[in-house]
Amino acid sequence: MQKLIIFEYLSAQIKIDNKNSNNNLSEGLDMVDNFSRKASKTNFFKEILILRNKNLIMNQYNNIKYCPTSPNLTWQKILKKLNPKFFKILLIAPETNKIFFKVSKKIFTLGFTLLNSSLETIKIFSSKKQTFLKLKKHNIPCVDTYSNIKQIKNKNDKILVKPEYGAGSEKVLFFENIQNLKKNLFKSNDKKIFQYLK
């Protein structure tokens with residue numbers, strides 16, 4: 001039987017930012033609690049460890065133990081104390097600012113096996129641009145995506161602007177046409193992608 005570590009990124013941080021991540025935090029906690037409760041009723045996992053901030057609620061179920069994070073005990077320090085041979089990790093983390101990719105890379109560096117996709121797959125599908133190129137290469141239909149405003153040919157079509165890295169509707173902007181886009185698009189260092197709205 002395997003041992004599992006459930007690592008939900010937002011709830012394992014040593015400092016919880018309730019103001020900016022309240023909905024995402026609540027959703028992550030619910031997801032982990034529901035999954036771990038169901039998993040504890042099976043015989044598939046010998047033990048389940050959950051990384052969680054010491055100030056958050058820790059429900060008690062069979063075969064589930066919590067590894068509380070704090071300023072003195074970060075998730076990295078906890079993982080360094082565990083033997084990667086005996087544990088597999090299920091990572092739940094946001095795509096924003098490449099967090100999912102960066103944390104996955106650190107976990108692989110520590111020698112653990114992720115139950116998520118390979119690092120190469122995570123790298124590709126964390127980027128909207130790379131995802132588009134991969135899907136197009138395999139002739140999978142998808143919305144045309146551009147990484148440069150100069151590539152936009154249909155000047156009168158409605159345009160969506162999204163950060164290259166991110167999930168959901170975070171920082172998504174809508175413009176009636178290319179003129180409106182050029183007039184209102186703010187300058188930033190964030191990589192963006194452009195898509196036609198049809």
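It should be noted that the structure appears before, not after, this text.
The rules behind the values
- Residues numbered from 1 in each chain as written.
- Predicted model: local features only at pLDDT ≥ 70, side-chain atom pairs only at ≥ 80, totals over all residues.
- Heavy atoms only, no water.
- Helix = DSSP H or I, 4+ residues; strand = E, 2+ residues; numbered from the N terminus.
- Buried < 20%, exposed > 50% of the residue type's maximum accessible area, 1.4 Å probe, protein only.
- Contact = heavy atoms within 4.5 Å.
- Areas by Shrake-Rupley, 256 points an atom, 1.4 Å probe, with all protein chains shown as cover.
- Lys, Arg positive; Asp, Glu negative; His and termini not counted.
- Charge placed at Lys NZ, Arg CZ, Asp CG, Glu CD.
- Phe/Tyr/Trp six-rings, centres within 6.5 Å; stacked < 30°, edge-to-face > 60°.
- Pairing = 2+ DSSP bridges.
- Salt bridge = Lys/Arg side-chain N within 4 Å of Asp/Glu carboxyl O.
- Core = buried A, V, L, I, M, F, W, Y, C linked by side-chain atoms within 4.5 Å.

(A) Quick peek at the overall build of the protein. A count of helical and extended segments in the protein gives six helices and nine strands. For the protein, the spread of C-alpha atoms along the three principal axes comes to 60 × 40 × 30 Å. Buried positions account for 39% of the 198 residues belonging to the protein. A sequence separation of at least 24 residues applies to 60% of the contacts in the protein between residues at least 6 apart. A total accessible area of about 12300 Å² is found for the protein, and carbon and sulfur atoms account for 51% of it. Looking at the protein, you have 37 positive and 14 negative side-chain charges, and the mean spots of the two groups are 6 Å apart.

(B) Spotlight on the packing of aromatic side chains. Evaluation of the coordinates by the stated rule reveals three aromatic pairs. Measuring from ring centre to ring centre gives 6.5 Å for Phe 7 and Tyr 9, while their planes differ by 40°; the resulting arrangement is tilted. Residue Phe 7 shares its accessibility class with Tyr 9, and that shared class is buried. Judged by centre distance (4.9 Å) and plane angle (85°), the ring pair of Phe 44 and Phe 45 falls under edge-to-face. The exposure class assigned to Phe 45 is buried, which follows from its relative accessible area of 9%. An aromatic cluster of three or more residues is present, and its members are Phe 7, Tyr 9 and Trp 75.

(C) Quick peek at the pairing of strand S7 (residues 158-163). Among the six residues of S7, five are classified as buried, and the element is accordingly described as predominantly covered. Across three bridges, S7 lies against strand S8 (residues 173-175) in antiparallel orientation. In the strand pairing of S8, Ile 159 is matched with Phe 175.

(D) Representation of the pattern of salt bridges. Under the defined criterion, the tally for this structure stands at three salt bridges. For the salt bridge of Lys 3 with Glu 47, the shortest nitrogen-to-oxygen distance reads 3.6 Å. Here the residue Lys 3 occupies a position in strand S1 (residues 2-8), and Glu 47 occupies one in strand S2 (residues 45-53), the gap between them amounting to 44 residues. Residue Lys 3 is classed as partly exposed on the basis of its relative accessible area, which comes to 22%. Across the salt bridge formed by Arg 52 and Asp 33, the nearest N and O atoms sit 3.0 Å from each other. Placement of the pair is Arg 52 in strand S2 and Asp 33 in helix H1 (residues 18-40), with a sequence separation of 19 residues. For the pair Arg 52 and Asp 33, a shared accessibility class is recorded, and that class is buried. Among the charged side chains, a network of salt bridges with common partners joins Lys 3, Glu 47 and Lys 65.

(E) Representation of the environment of Leu 29 within the structure. Relative to the helices and strands, Leu 29 is located in helix H1. Leu 29 sits in the buried class, given a relative accessible area of 16%. As a C-alpha pair, Leu 29 and Ser 126 span 97 residues in sequence and 22 Å in three-dimensional space. Not counting chain neighbours up to four residues away, the residues in contact with Leu 29 comprise Ser 11, Arg 52 and Leu 56.

(F) Quick look at the nonpolar core. In this structure, Phe 7, Leu 51 and Ile 107 are the most contacted members of the largest nonpolar core, which totals 26 residues. Of all the elements in the fold, those that place two or more residues in this core are S1, H1, S2, helix H2 (75-81), strand S4 (87-92) and helix H3 (99-109). In terms of residue count, the dominant contributor to this core is H3 (five residues). Once residues within four sequence positions are removed from consideration, Leu 51 is found in contact with Ile 5, Ile 6, Phe 7, Ser 11, Ala 12, Cys 67, Trp 75, Ile 78 and Leu 79. In this structure, Leu 4, Ile 6, Phe 45 and Ile 92 belong to the second largest nonpolar core, which totals 11 residues.

Everything listed is a geometric property; what it means functionally is a separate question.
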